[in-house]
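# Geometric and topological summary
One letter stands for each residue in the lines below.
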Amino acid sequence: MAAQGIWSGTISFSLVAIPVRLVTAVKPGRVSFRMLHSTDYSPLARRMFCPEEQTMVTPDEIIRGHEILPDKYVLMTDEELESVSPERSRTIEILDFIDTKEVDPIYYDHPYYLVPSKGGEKAYQLLVEVMRRTNKAGLAKFVLAEREYLVAVKSKDGALALTTLHYSDEILPDEDLSPKKEKTEAEEESRMKKSIKKMIEDFDPGKYANERRKGIMELLETKAKEKPPVEAPVVTDEDGEGPSDLVAALEESMRKVKEGR
Amino acid sequence: MSRAVVEIAERRLSLSNLEKDLYPSYGFTKAQILEYYRGIAPFILPHLKDRALTLKRYPEGVEKDFFFEKRCPSHRPDWVRTAAVPQNGGEPITFCLVNDLETLLWAENLASLELHVPLARAGSPETPDSMVFDLDPGEPANILECARVALILRDLLSGMELAGYVKTSGQKGLHVFVPLNRKGTTFEDTKTFSKAVAEIMQKHYPDLVTAKMAKQERKGKVFINWSQNDSSKTMICIYSLRAREKPFVSFPLEWGELESLAGLGDSERFQVSHSEAVRRAEKMGDLFQEVLVKEQKLPHL
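To keep things clear, this report deals only with the structure shown in the data block. Keep in mind it's a predicted model, so treat the numbers as computed, not measured.

Looking now at unusual backbone geometry. Glycine aside, residues mostly have negative phi, and peptide bonds are mostly found in the trans state. Note the cis peptide between Glu139 of chain B and Pro140 of chain B, where omega equals 5°. Counting through the fold element by element, Pro140 of chain B comes out in the loop between β8 (130-137) and α3 (143-159). Although it is not a glycine, Ser14 of chain A adopts a positive phi angle of roughly 35°. Structurally, the position occupied by Ser14 of chain A is in the loop between β1 (7-13) and β2 (16-24). Ser14 of chain A gets classed as exposed once you count the C-beta atoms within 10 Å, which come to 6. Within the chain, Ala111 of chain B stands out as a residue other than glycine whose phi angle is a positive 60°. Relative to the helices and strands, Ala111 of chain B is located in the loop between α2 (101-109) and β7 (114-117).

Bringing the nonpolar core into the picture now. Ile40, Leu53, Leu135, Val149, Ala150, Val176 and Ile224 of chain B are the most contacted members of the largest nonpolar core, which has 86 residues in total. In this structure Ile40 of chain B touches Tyr239, Ala277, Val278 and Ala281 of chain B, once residues within four positions along its chain are discounted. Ranked by size, the runner-up nonpolar core spans 22 residues in total, among them Ile92, Tyr113, Phe142 and Leu162 of chain A.

Moving on: the sheet that holds strand β9 (residues 165-168) of chain B. Residue and element names in this part refer to chain B. What the six strands build is an open sheet, ordered β11-β12-β8-β10-β9-β15; its pairing is mixed. Only two strands of the sheet have a single partner each, and these edge strands are β11 (209-210) and β15 (252-253). Helix α4 (residues 187-204) contacts β8, β11 and β12 (222-225) of the sheet and is inclined by roughly 35° relative to β8.

Definitions and limits used
Residues numbered from 1 in each chain as written. Chains lettered and ligands numbered in written order. Predicted model: local features only at pLDDT ≥ 70, side-chain atom pairs only at ≥ 80, totals over all residues. Helix = DSSP H or I, 4+ residues; strand = E, 2+ residues; numbered from the N terminus. Buried ≥ 20, exposed ≤ 12 C-beta atoms within 10 Å, placed from the backbone. Core = buried A, V, L, I, M, F, W, Y, C linked by C-beta atoms within 7 Å. Contact = placed C-beta atoms within 7 Å. Pairing = 2+ DSSP bridges. Axes fitted to C-alpha atoms, helices over the stretch in contact; angles between N-to-C directions.

Pasting the structure below:
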C-alpha cells in the first residue's frame, strides 16, 4: 500500500484516538495523452486568454467572480474565501455509528484507505475487527484541502476504508424519474424473476476488464516497438557548406590554430 | 504580504511580496533579487537598452512554473518605454524596453528573474549588432569542454581578424559574442558565418564539437548553437540572474581567466554568484563594454 499519505492525523471517538494516514484507494484507469504541436512535437502549455484584449493573462491579473446573472459577477478574494473555509483539522471525529446497509450507494463519492501510523497499529486492528463483526460504519466530519466532508469509515479486508459522501442537497431528486404506477401482471413478474435468477453470479469485478484501456495499452506497446518515439527538435539542420571563400579562409585559420597548439 | 513604495527619478513604483523566497532551496527573496538588480544596474542597463525584452517570469519561484511574456503587460506604469516590433512578417508585438533603473526594478517586481533580449535593437530588428556562438554541453560534457571549445574558437576567429568576448550562461554553457555594430549586417550574414564556423569546428574536433541540433548528436559533445543568430531568437542578457537552484549570473570572463579556469579543471568554479557579480563588476568594470561599440566586419561573405 502507498506509504505516503495525502493527509495524516488521528481518527477518534469517545476516548479512543488512533494515528492514521489517508491514502487514495483508486487510480483512474484512463490512459493520459499530452497535447503536442503537430509540427515540432513540443508539448503544449495552457494559458489564460482574454478574448477582449486578445492577449494572454498572467496569474497576477486573474481574479475570481461568481456569475449571478449572465455577464454579472460577484467578485471574491482569496481572503474572503478563506474566511468561510473550515479550519484545517488533524482529526476525523466519528459522530455516530450506523449500519453499513443504511447508506444508499448514491451518496458514495470518493474512496480512500486509512492506514495506521506508528504506534497506532494495535488500536487500529481492534477497531477494524470490531467494526467488521458488528457490521457498523462510523460517520464522521473531516476537513481535507479546505473542504469539509461527511465521510463513512468502514472495515474492509482487514483495513479501514474511508469514503467521502455527498451532502444530501447534492443528490438530485428522483421523483420525476419513475413512471406512473401501472398494474403489472403476476405472470409477467414471475417470468422476469426467473430470467434474472438464471443470470445470477457472484460479483467479480476482475471479470469486467476495461476493454478500451486494454486496447489502447496494447496499441501503444506495438507502436512503441515499431517506431522510436518522436522528439521535439528545436530547429531542423540543413546540411551544406558555407560560401567557398569563407570556408577556405576558416580552414586556413584553423590550420594555424592547430599548429599553434 | 509586504509592500513598499519606492520613488526613483520622481517615479513611484510599488513593490510587492518582498519577503517571498523565490529560490527556496538556496534562500533568496524578492527583496534580495531587487537589491541585486539595483546593484548591477549600471552594468546591465547598457546591454538592455533599446532591446525588446522578453520577460521570463517565476511568480511562485524557480521551483514552480514559469512563463515567457513577450507582450509588455498592459498594467505597466505609463513611464515604461515600449517598442512595437514586427514578428516574422506578422503583427507587431509591443515589447518593454528596459532603459532605466525604475523599469528594471518594475520588471523584477513581476518576478522576471531572467531577462532575455534579441541580438538586435528594437529600432532595427533585422540588424544584429553581434554574432553569437552559444556553446551548449551535452552530458557528460560540461562547462570545461565548453571552455576548450571557446578557446579554440577565440583563436580561429582571431585568425579571421575578429575579436570575441566570452561570458558564462549562468547555467552549464558559455556564450561567445563577436561585436559587429555595423549598419547593413543581416541575420543571414551572421547565421551563414557562424554556421560555417561551427561546421569547421566540428570537422576538426569531431569528438568535442557538434554543429547539429539533434539531441543524439550532442551526447558528450559541445553543441555550437549557431541558430541563435536569428531575429526571432533571444539570448539571456549579460548580468541577468538565472532561475536555477542557486542565483547564478550570466557573467563576462576575461580570456586569460577562462584559460586558468580551464586549467584548474573544476567546473564549479566557472559559476559567478549574485554577490560576486556585483563585487567583480564594480572592481573590473563592464568586460562586455566593447561588445556594444566595437565595429567589426565579417569577411568573405
